[in-house]
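Overview (structure and organization)
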Amino acid sequence: MTFLKFDSRYTTKLVYNLLKTILAPKMSLKAPLVKFYNNQECPILGIGTWKSKPGEVTQAVKDAIDIGYRHIDCAFVYGNEKEVGEAITAKINDGTVKREELFITSKLWNTFHRPDLVKGALLKSLENLQIKYLDLYLIHWPQAYKEEAELFPTDEAGKIQFSEVDYIDTWKALEPLAGEGLVKSLGVSNFNSGQLKRLLQVASVKPVTNQIECHPYLNQRRLKDFCESHDIKITAYSPLGSPDRPWAKPEDPQLMEDPKLKAIADRLGKTVAQVLIRYQIDRGNIVIPKSVTRSRIESNFQVLDFKLSHEDVSLIDSFDCNGRLVPMTA
Ligand SMILES: NC(=O)C1=CN([C@@H]2O[C@H](COP(=O)(O)OP(=O)(O)OC[C@H]3O[C@@H](n4cnc5c(N)ncnc54)[C@H](OP(=O)(O)O)[C@@H]3O)[C@@H](O)[C@H]2O)C=CC1
Ligand SMILES: CC(=O)C(C)=O
């Protein structure tokens, strides 16, 4: 009658599994961490803040932190860093998180590429965000704009005015800032493989990530392969197709309305947004969907308890149509 013998190991396991089943849906899950080549860890899922109005973003970031997000994607040019900073400070002060539990990214805007402007731009973002260091600082775009007070300097014809500054010189000015403790990691955004190759030839500190537009209509397979061959992670921006991008036209295809994606989401009992976010995670990409709506911020985070099959990832891969939604800002 050995099978009736009391064994505390089995009882403990039984109780553990029972509690897990009852409590799991109520417990705030943590996003898995991606490890960069320099051993710094970054939550694979973060919240975006582009177009989040100053009057909405403080509450959105507070909600996100309450829900479990620990990664916040910011940029000087979004014009809302101060309000994001207010949320970060509030959530640290009320004991919800410690600074070291958060992963905060900002980006060097195109008008500050000239080497003597770089440190000041970083310090401004730190001041706005009310923090002493960034976890990650990115060159926002490879091209430099004329160094003027305006963030989008234009000539009389309304054309963007570029500057001659080479992003290599900008990168060289960024490198020492990591040593000064102002930023933990450096990265780039919107770089193609040619630009990255040039950078890698001279960089003493390699970028940890290339933040690029990435979703099923532009899955960036080749650039991803290139980056990964150099141990550079992809951060996927506009993963939901950026429906609120300012230049969207009514006739543009709506990624979240795609019937093929809807069919996959319905089959899995998930929302299309959840499938789109999971698509990035299952490809090993860091992903930063934006929302200022609490229910969406919450449901976008509820993607940590399921996985897409290889077949579904391959099927979604096949939707690629070079469908870029965020063209170069010039
Ligand atoms: N490095 C770069 O050059 C760039 C970086 N980024 C970063 O990436 C982030 C994300 O990209 P972004 O272009 O904002 O676009 P996203 O693809 O994240 O889409 C955001 C839009 O989707 C809506 N949305 C969010 N969740 C849901 C949901 N569950 N169901 C339906 N609609 C939803 C939001 O609405 P609402 O907010 O009203 O809820 C908003 O309109 C940016 O915010 C920014 O941080 C983006 C572009 C360029
Ligand atoms: C959104 C963003 O980061 C742009 C357009 O540069």
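Residues numbered from 1 in each chain as written. Chains lettered and ligands numbered in written order. Predicted model: local features only at pLDDT ≥ 70, side-chain atom pairs only at ≥ 80, totals over all residues. Heavy atoms only, no water.

By the naming in an unreviewed UniProt entry, the protein chain is NADP-dependent oxidoreductase domain-containing protein, taken from Chrysodeixis includens. What the UniProt record of the protein chain gives under Sequence similarities (unreviewed entry) is the line "Belongs to the aldo/keto reductase family." (UniProt positions renumbered as here; feature names shortened; annotations may be inferred.)

Time to look at the overall build of the protein chain. The secondary structure content of the protein chain amounts to eleven helices and ten strands. Compactness check: the protein chain gives a C-alpha radius of gyration of 21 Å against a globular reference of 20 Å for 330 residues, within 12% of the reference. Principal-axis analysis of the C-alpha atoms places the extent of the protein chain at approximately 90 × 45 × 40 Å. Looking at the 330 residues of the protein chain, the share that counts as buried comes to 49%. A sequence separation of at least 24 residues applies to 75% of the contacts in the protein chain between residues at least 6 apart. Within the structure as shown, the protein chain displays about 16,200 Å² of accessible surface, and the carbon and sulfur contribution to it stands at 55%. Side chains of the protein chain carry 44 positive and 42 negative charges; the gap between the two charge centres is 6 Å. (Helix = DSSP H or I, 4+ residues; strand = E, 2+ residues; numbered from the N terminus. Rg over C-alpha atoms; globule rule 2.2 N^0.38 Å. Buried < 20%, exposed > 50% of the residue type's maximum accessible area, 1.4 Å probe, protein only. Contact = heavy atoms within 4.5 Å. Areas by Shrake-Rupley, 256 points an atom, 1.4 Å probe, with all protein chains shown as cover. Lys, Arg positive; Asp, Glu negative; His and termini not counted. Charge placed at Lys NZ, Arg CZ, Asp CG, Glu CD.)

In the region of ligand 1, 30 residues are neighbours, and Lys51, Asp73, Ser242, Ser291 and Thr293 sit closest. Here Tyr78 contributes a side-chain N or O atom positioned 3.5 Å from a nitrogen atom of ligand 1. Ser238 is positioned such that a nitrogen or oxygen atom in its side chain is 2.8 Å from an oxygen atom of ligand 1. For ligand 1, the protein covers 91% of the area, taking 900 Å² as the surface of the free molecule. Given that more than half its atoms are within 2 Å of the pocket grid, ligand 1 belongs to the largest pocket. Tallied by class, residues from the shell around ligand 1 come to twelve nonpolar, twelve polar and six charged. (Near = heavy atom within 4 Å. Polar contact = N/O pair within 3.5 Å; in protein donor to acceptor, adjacent residues only side chain to side chain. 1 Å grid on protein atoms, 1.4 Å probe; cavity = no way out; pocket = protein on both sides within 12 Å on 5 of 7 lines; lining within 4 Å. Sits in = over half its atoms within 2 Å of the grid points. Nonpolar A, V, L, I, M, F, W, Y, C, P; charged D, E, K, R; others polar.)

Turning our attention to the UniProt feature "active site" (unreviewed entry) in the protein chain. Mapped onto this numbering, the UniProt entry annotates "active site" (unreviewed entry) at Tyr78. With relative accessibility at 18%, the residue Tyr78 sits in the buried group. Discounting chain neighbours no more than four positions away, the residues touching Tyr78 are Thr49, Trp50, Asp73, Lys107 and His140.

Now for empty space enclosed by the protein. One pass over the structure, following the stated rule, counts one cavity of 30 Å³ or more. Space inside the largest cavity adds up to approximately 40 Å³. Around the largest cavity, the lining residues are Cys42, His71, Asp73, Phe103, Thr105, Leu136, Leu138, Thr209, Gln211, Thr235 and Ile286. Class assignment of the residues belonging to the lining of the largest cavity gives a composition of five nonpolar, five polar and one charged. (Points joined across faces, edges and corners; volume = space filled by probe spheres on them.)

Before going further, it helps to examine the pairing of strand S9 (residues 233-237). The buried fraction of S9 amounts to four of the five residues, a majority that puts the element mostly inside the structure. In this sheet, S9 lies alongside strand S8 (residues 209-213) in parallel orientation, the contact comprising five bridges. When the bridges of S9 are listed, Thr209 appears paired with Lys233. A crossover links S8 with its parallel partner S9, the connecting element being helix H7 (residues 221-229), and its sense is right-handed. Strand direction decides the pairing type here: S9 and strand S10 (residues 286-287), joined by two bridges, are parallel. Bridge pairing in S10 places Thr235 opposite Ile286. (Pairing = 2+ DSSP bridges. Right-handed = clockwise from strand over helix to strand, strands pointing away.)

Taken as a whole, this structure holds zero disulfides when the rule is applied. The thiol of Cys74 is not disulfide-bonded; the next cysteine sulfur, from Cys42, is found 12 Å away. Given a relative accessible area of 0%, Cys74 falls into the buried group. Residue Cys321 stays outside any disulfide, its sulfur separated by 13 Å from that of Cys214, the closest cysteine. Exposure remark for Cys321: the relative accessible area of 49% places this residue in the partly exposed category. (Disulfide = S-S within 2.5 Å.)

Attention now goes to the sheet that holds strand S4 (residues 71-73). Strand order across the open sheet formed by eight strands is S3-S4-S5-S6-S7-S8-S9-S10, with parallel pairing between neighbours. The strands lining the two open edges of the sheet, one partner per strand, are strand S3 (47-48) and S10. Set on the sheet, helix H5 (residues 167-179) makes contact with strand S5 (103-108), strand S6 (134-139) and strand S7 (183-189); between it and S7 the angle comes to about 165°. (Axes fitted to C-alpha atoms, helices over the stretch in contact; angles between N-to-C directions.)

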